[in-house]
Amino acid sequence: MADRSELAAFLKARRNRLTPSDVGLPNGLNRRALGLRRQEVAQLAGISVDYYIRIEQARGAKPSRQVLAALARALMLTVDEREYLFRMAGESPPVTAGPHKTVPQAVRSILDNLAAPAYLVDATYEVLAWNRAATPFVGDLDTVPEHERNMIRWMFREAADHPQWADAETRDFARALIADLRAAYARYPGHPALAALVTELLGTSKRFADMWAAHDVEVRRIHRKRIRHPELGPLDFHCQVLHISDTDQRVIVYCAMPHTRTAAVFQSLAAATDG
């Protein structure tokens, strides 16, 4: 059911949040409006001023999906805000086209400024960006083709008798990845790259097929890892997963307890990176 009053209030609040410079318009002189003017929103959305005024006053015909999409772009709404806009207008939100692969500049800055190893993945666990401290763990990905930078593909390409599968924590980690991948599979129905990844692994890895058949669904969060790195030795840390809601991406940060051997190793990696 549409809530025209709430829709109107939401549009006004989002309009007041922006300035002309935010959307590429000149600020001009003698502005009394708190944010954008109604005519500026209408201009950006490609609709008439009178039509927009009626929407913001909860009058007139219900806005179409095309108009709602145009308003979402004009007001620079986040994914969550766009969903709210559609629901307040009595419409189902548009299906997201697919996992976002564009790395926001703010996220890239976060990675570069973190001392701990950290990297960014999309909803299919394709590694999109990483800091230098993460290189000993994910490799020098600058030398790897983009379509080969997928964590799930890396894990399940290992043979069934590979030593990693003897470790219970590794198996739990694999199940967590697949449960998160299945959640993405539902969010992006019919997405070609995602469907191709699942089809490929179903055909090449019996272990993946068995875990996929369990139909576990869970968005991934924190996970403990204990590994023996070939160069850095034994390490014990938590993979903290930070979700970027606007893009459905995840920043994965390796967090070690203070005053431990692993913390000292991470500090040495950070120092080497700074150098």
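Analysis parameters
Residues numbered from 1 in each chain as written. Predicted model: local features only at pLDDT ≥ 70, side-chain atom pairs only at ≥ 80, totals over all residues. Heavy atoms only, no water. Phe/Tyr/Trp six-rings, centres within 6.5 Å; stacked < 30°, edge-to-face > 60°. Helix = DSSP H or I, 4+ residues; strand = E, 2+ residues; numbered from the N terminus. Buried < 20%, exposed > 50% of the residue type's maximum accessible area, 1.4 Å probe, protein only. 1 Å grid on protein atoms, 1.4 Å probe; cavity = no way out; pocket = protein on both sides within 12 Å on 5 of 7 lines; lining within 4 Å. Points joined across faces, edges and corners; volume = space filled by probe spheres on them. Nonpolar A, V, L, I, M, F, W, Y, C, P; charged D, E, K, R; others polar. Pairing = 2+ DSSP bridges. Axes fitted to C-alpha atoms, helices over the stretch in contact; angles between N-to-C directions. Parallel < 35°, antiparallel > 145°, perpendicular 65-115°, else oblique. Left-handed = near helix turned anticlockwise from the far one by under 90°. Contact = heavy atoms within 4.5 Å. Core = buried A, V, L, I, M, F, W, Y, C linked by side-chain atoms within 4.5 Å. Expected span 1.5 Å × (residues − 1). Arc of directions from axis to C-beta.

Caption draft 1: Examining the packing of aromatic side chains more closely. Going through the model one piece at a time under the given rule, you end up with eleven aromatic pairs. Note on Phe10 and Tyr84: the rings are 5.1 Å apart at their centroids and 65 degrees apart in plane angle, and the pair reads as edge-to-face. With Phe10 in helix α1 (residues 4-17) and Tyr84 in helix α5 (residues 79-88), this residue pair connects regions lying 74 residues apart in the sequence. Accessibility expressed as a relative area gives 11% for Phe10, which makes it buried. Arranged with centres 5.4 Å apart and planes meeting at 35 degrees, the rings of Phe156 and Trp165 form a pair that is tilted.

Caption draft 2: How the structure looks around the layout of surface pockets. One number sums up the size of the largest pocket: a volume of about 810 Å³. Lining the largest pocket are 25 residues, with Phe137, Met155, Gln164, Lys225 and Ile227 sitting closest to its centre. At the level of elements, α7 (135-138), α8 (151-156), α9 (168-187) and β3 (223-229) are the ones that each hand at least two residues to the lining of the largest pocket. Of the residues forming the lining of the largest pocket, the biggest block, seven residues, is contributed by β3. In terms of residue class, the lining of the largest pocket is built from twelve nonpolar, six polar and seven charged.

Caption draft 3: Layout of the pairing of β3. Inspection of the sheet shows β3 paired to strand β4 (residues 233-244) by seven bridges, in the antiparallel sense. Bridging across to β4, His229 finds its partner in Gly233. The antiparallel pairing of β3 with β4 creates a hairpin that spans three residues between the two strands.

Caption draft 4: Highlighting unusual backbone geometry. Here Met76, not a glycine, exhibits a phi torsion of approximately 55 degrees, which is positive. By secondary structure assignment, the location of Met76 is in the loop between α4 (65-74) and α5. Accessibility expressed as a relative area gives 43% for Met76, which makes it partly exposed. Here His259, not a glycine, exhibits a phi torsion of approximately 65 degrees, which is positive. By secondary structure assignment, the location of His259 is in the loop between β5 (249-255) and α12 (261-274).

Caption draft 5: Focus on the packing of α4 against α5. Two elements in contact, α4 and α5, have axes separated by 10 Å at closest approach and are oriented at 150 degrees. The orientation of α4 with respect to α5, classified from their angle, is roughly antiparallel. As for how α4 packs across α5, the hand of that crossing is right-handed. Residue-level inspection shows Arg65, Leu68, Ala69 and Ala72 of α4 in contact with α5, the latter providing Arg82, Leu85 and Phe86. The residue makeup of the contact of α4 with α5, split by class, is five nonpolar, no polar and two charged.

Caption draft 6: Representation of the nonpolar core in the model. One finds Tyr119, Phe156, Phe208 and Ile252 to be the most contacted residues of the largest nonpolar core, which totals 40 residues. Looking at this core, the element that brings in the most residues is α9, giving six residues. Judged by nonpolar contacts, the second largest core, of 26 residues, contains Phe10, Tyr52, Ile55 and Leu85.

Caption draft 7: Region of the structure containing the sheet that holds β3. The strand order across the open sheet built from five strands is β2-β1-β5-β4-β3, with neighbouring strands paired in antiparallel fashion. One side of each edge strand has no neighbouring strand; the edge strands of this open sheet are β2 (127-130) and β3. Each strand axis lies, on average, 30 degrees off the axis of its neighbour in the sheet, ignoring direction. With respect to the sheet, helix α6 (residues 105-113) is in contact with β1 (118-121), β2, β4 and β5, its orientation differing from that of β1 by roughly 155 degrees. Across the sheet, α9 lies against β3 and β5, angled at about 130 degrees from β3, the strand it touches most.

Caption draft 8: Structural detail: α1. With 14 residues, α1 extends 20 Å from end C-alpha to end C-alpha; this agrees with the ideal 20 Å at 1.5 Å per step. Taken residue by residue, α1 has Leu7, Ala8, Phe10, Leu11, Arg14 and Arg15 as its buried positions. Taken around the axis of α1, the buried residues stretch over an arc of 165 degrees, which confines them to a single face. In this structure, the buried residues of α1 make contact with α2 (38-45), α3 (49-56), α4 and α5.

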